[in-house]
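Summary of the model geometry
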2 protein chains.
Amino acid sequence: MTVDFLKGISKELDQVKDLISERLNSKYPQVAPLVKHSLKKTGKMLRPAFAILFGKMVNVEDERSVKIGATLELLHNSTLVHDDVIDNADIRRGLKTHNSIWDNTITVLYGDYMFSTAMNIAVELENIEVLKVIANVSKSLVTGELIQNSNAFNFPPDKNTYFEIIRLKTAVLFSACCSLPLIVAGERGLLPLVERFGEKLGIAFQIVDDCLDFKADLKKLGKPKLIDLPEGKATLPVLLAIDNNEKRVIEIVQGVFESNGRVFNEREKKELVDILDKKGYLKEAFNYAKSLISENMEILERFEESVYKDTLLKVCDFIVGREF
Amino acid sequence: MTVDFLKGISKELDQVKDLISERLNSKYPQVAPLVKHSLKKTGKMLRPAFAILFGKMVNVEDERSVKIGATLELLHNSTLVHDDVIDNADIRRGLKTHNSIWDNTITVLYGDYMFSTAMNIAVELENIEVLKVIANVSKSLVTGELIQNSNAFNFPPDKNTYFEIIRLKTAVLFSACCSLPLIVAGERGLLPLVERFGEKLGIAFQIVDDCLDFKADLKKLGKPKLIDLPEGKATLPVLLAIDNNEKRVIEIVQGVFESNGRVFNEREKKELVDILDKKGYLKEAFNYAKSLISENMEILERFEESVYKDTLLKVCDFIVGREF
């Protein structure tokens, strides 16, 4: 599935997919079916898209941008595989999860396998600075996940912790997607700016993703809505409502958390979404994401005009304009 | 716990422990207790000992050998943490496992955390060849574990698969412990020899470890004996007996495997160990390990005399001379 506005780099994104497929493939018959299943459906490939686009803008050979993109997409996917074990999820991207077909044991190991395959692609870039960033990304991803899990069902939830989790789990990875091509190209001047661009993009992306949990439906996202709260995760719209002492939201979230996600009936679900929507909490969260994207548009002005910069602008638009 | 003959490098092994401790430590309160628990007891530290000893023999600065040792020990320990989840183990090295104190979720993530911390230490070596070897080691470890798990309880068990698993799970890692200091030192000439030394050492170590499962007791190893078979793992002594068409061994192992490890009573346990012992299958496996170690002694003759070479010879002796 390539999003429309990424058509211009669909060749490069296909190369990312091919590289991931090639490196995951194993001569061992025990590994092959796991690999085959994980290649059945890719996500939106936004992370490699950023690597490709920034690579084009600073004239990195496609081969290297493709390796950066493949490493980071695979790193991301390896965390999803472990997340699915942790959340006991059955469906991801409309497909059965590995843990629902095999068992948790094999799935944990397959996540490790994807992670180590990512590292094997990364070392081919033969660039120590790049590897330092990637090692740091991998530690951030898992630290974020550990904090999220340790804080699950904590009441009252804490907004600073929420922002720290999305920084570690999403923003650091997005930042690497954007900045690694510059490191490869030796473009030190723009590096701090592009790192910040990637961070803001990641935070905005995650906030919108979290908002969609209250809105999007199964058909559109391939997953049911309202899955975060029963997993003990309070996201920005809820946190804003609690900060604003929104009594009914506090009661409902407390009930969900104190029952470890078991108490959350249809009436409460409807009530919660209604308050978040009508009282503007969803809009407020969404507007915050939009403001980050606006700041990013300004950063992009520092780059020369090109078809790739246009695409980046469209990706930014897409991130905050997804079906709401 | 430092084994007696490693006293001569106890300062360097302490530096490995300190480095691991320092890099695992986290500013996040959610991570700290997991780290604290994993630092309570270290293993024999054989893997870093090889890195230190070979480092000394080829004049690598201790600081670099310590980083190699810490990376590989941490990589090894991260797989043990995931193994304990997979095997549902309660005790490791006489201590409660992470999964028995926290839950599987947190423990899987903590294993990932150790793995990514290992990668963060590795990149500090700033040597692409070293990182290529480490990335390959990590993929071998998990591939070996995947194959072992996919083949668990398969009857009849296959000797080639057994050797492939111990090559991937143990020998590749031991080989890296021995050879990475040479790569750092640029000692290309002896490299193939030392890689082979490490592989043989790893295979011998694992075979002896597997033999001890039939012999050692809880007090000595910190784990109960006869744990491999009920986990669906047939090791060398059993494989040799089956190859030799040892009827009663075949019956017992088939019973254990077909019941997924549930049927294995005390009488059968005693009977199995008796046959393996009295009919010489344990001895045969053990002698095979010994022959690999003898070949290694010959390889060591190529190195100049030194206190470190003496220690290496003692480690080799220890590996096949452990309480049997």
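This structure is a prediction, so every number in the text was calculated from the model and none was measured.

Below, the discussion takes up the relation of the copies chain B and chain A. Taken as rigid bodies, chain B and chain A are interconverted by a rotation of 180° and an axial shift of 0.0 Å, the fit giving an RMSD of 0.0 Å. Those values place the two copies in the arrangement expected of a two-fold rotation axis. Here 100% of the contact residues of chain B are again contact residues in chain A; the copies associate through an equivalent surface.

Bringing the packing of helix H9 (residues 191–212) of chain A against helix H14 (residues 281–300) of chain A into the picture now. Residues and elements named next belong to chain A. Interhelical geometry of H9 versus H14 gives an angle of 160° and a closest axis separation of 9 Å. When the axes of H9 and H14 are compared, the pair comes out roughly antiparallel. Two packed elements cross with a definite hand, and for H9 against H14 that hand is left-handed. Residues Leu 193, Phe 197, Lys 200, Leu 201, Ile 203, Ala 204, Ile 207, Val 208 and Cys 211 of H9 pack against Leu 282, Ala 285, Phe 286, Tyr 288, Ala 289, Leu 292, Ile 293, Glu 295, Asn 296 and Ile 299 of H14. Of the residues that constitute the contact of H9 with H14, the class distribution is 16 nonpolar, one polar and two charged.

Our focus in this paragraph is the interface of chain B and chain A. Contacts between the two partners involve 35 residues from chain B and, on the opposite side, 35 residues from chain A. Elements with a minimum of two residues in the side of chain B that touches chain A: helix H4 (62–87), helix H6 (104–123) and helix H7 (128–151) of chain B. The leading source of residues in the side of chain B that touches chain A is H7(B), at 15 residues. Looking at the side of chain B that touches chain A residue by residue, the class counts come to 17 nonpolar, 13 polar and five charged.

Turning our attention to the nonpolar core. Ala204(A) and Ala204(B) are the most contacted members of the largest nonpolar core, which totals 206 residues. Among residues more than four places away in sequence, those in contact with Ala204(A) are Ala289(A), Leu292(A), Ile293(A), Ile319(A) and Val320(A).

This part covers unusual backbone geometry. The amide bond that connects Phe155(A) to the next residue, Pro156(A), takes the cis arrangement and shows omega of -5°. Inspection of the secondary structure assignment puts Pro156(A) in the loop between helix H7 (128–151) and helix H8 (159–185). Here Asn59(A), not a glycine, exhibits a phi torsion of approximately 60°, which is positive. Residue position: Asn59(A) is located in the loop between helix H3 (46–57) and helix H4 (62–87). Exposure remark for Asn59(A): the 9 C-beta atoms within 10 Å place this residue in the exposed category. One non-glycine residue, Glu126(B), lies in positive phi territory at about 50°. Tracing the chain through its elements places Glu126(B) in the loop between H6 and H7. Glu126(B) sits in the partly exposed class, given 14 other C-beta atoms within 10 Å.

Time to look at the packing of H3(A) against H4(A). Residue and element names in this part refer to chain A. Orientation of H3 relative to H4, taken along the N-to-C sense of each, is 160°, at an axis distance of 8 Å. As the angle between them shows, H3 and H4 are arranged roughly antiparallel. For the pair H3 and H4, the sense of crossing is right-handed. Contacts between H3 and H4 involve Arg 47, Pro 48, Ala 51, Ile 52 and Gly 55 from the first element and Arg 64, Ser 65, Ile 68, Gly 69, Ala 70, Leu 72, Glu 73 and His 76 from the second. Residues of the contact of H3 with H4, tallied by class, amount to six nonpolar, four polar and three charged.

What follows deals with the confidence of the model for chain A. Residue and element names in this part refer to chain A. Of the residues in chain A, 96% have a pLDDT of 70 or more, and the chain-wide mean is 92. At the low end of the mean pLDDT range in chain A sits helix H10 (residues 218–221), at 56; at the high end sits helix H11 (residues 236–243), at 98. Here the predicted complex scores 0.92 on pTM and 0.91 on ipTM.

So, how was this worked out
Residues numbered from 1 in each chain as written. Chains lettered and ligands numbered in written order. Predicted model: local features only at pLDDT ≥ 70, side-chain atom pairs only at ≥ 80, totals over all residues. Least-squares fit on C-alpha atoms with pLDDT ≥ 70 in both. Contact = placed C-beta atoms within 7 Å. Axes fitted to C-alpha atoms, helices over the stretch in contact; angles between N-to-C directions. Helix = DSSP H or I, 4+ residues; strand = E, 2+ residues; numbered from the N terminus. Parallel < 35°, antiparallel > 145°, perpendicular 65-115°, else oblique. Left-handed = near helix turned anticlockwise from the far one by under 90°. Nonpolar A, V, L, I, M, F, W, Y, C, P; charged D, E, K, R; others polar. Core = buried A, V, L, I, M, F, W, Y, C linked by C-beta atoms within 7 Å. Buried ≥ 20, exposed ≤ 12 C-beta atoms within 10 Å, placed from the backbone. pLDDT = per-residue confidence, 0-100.

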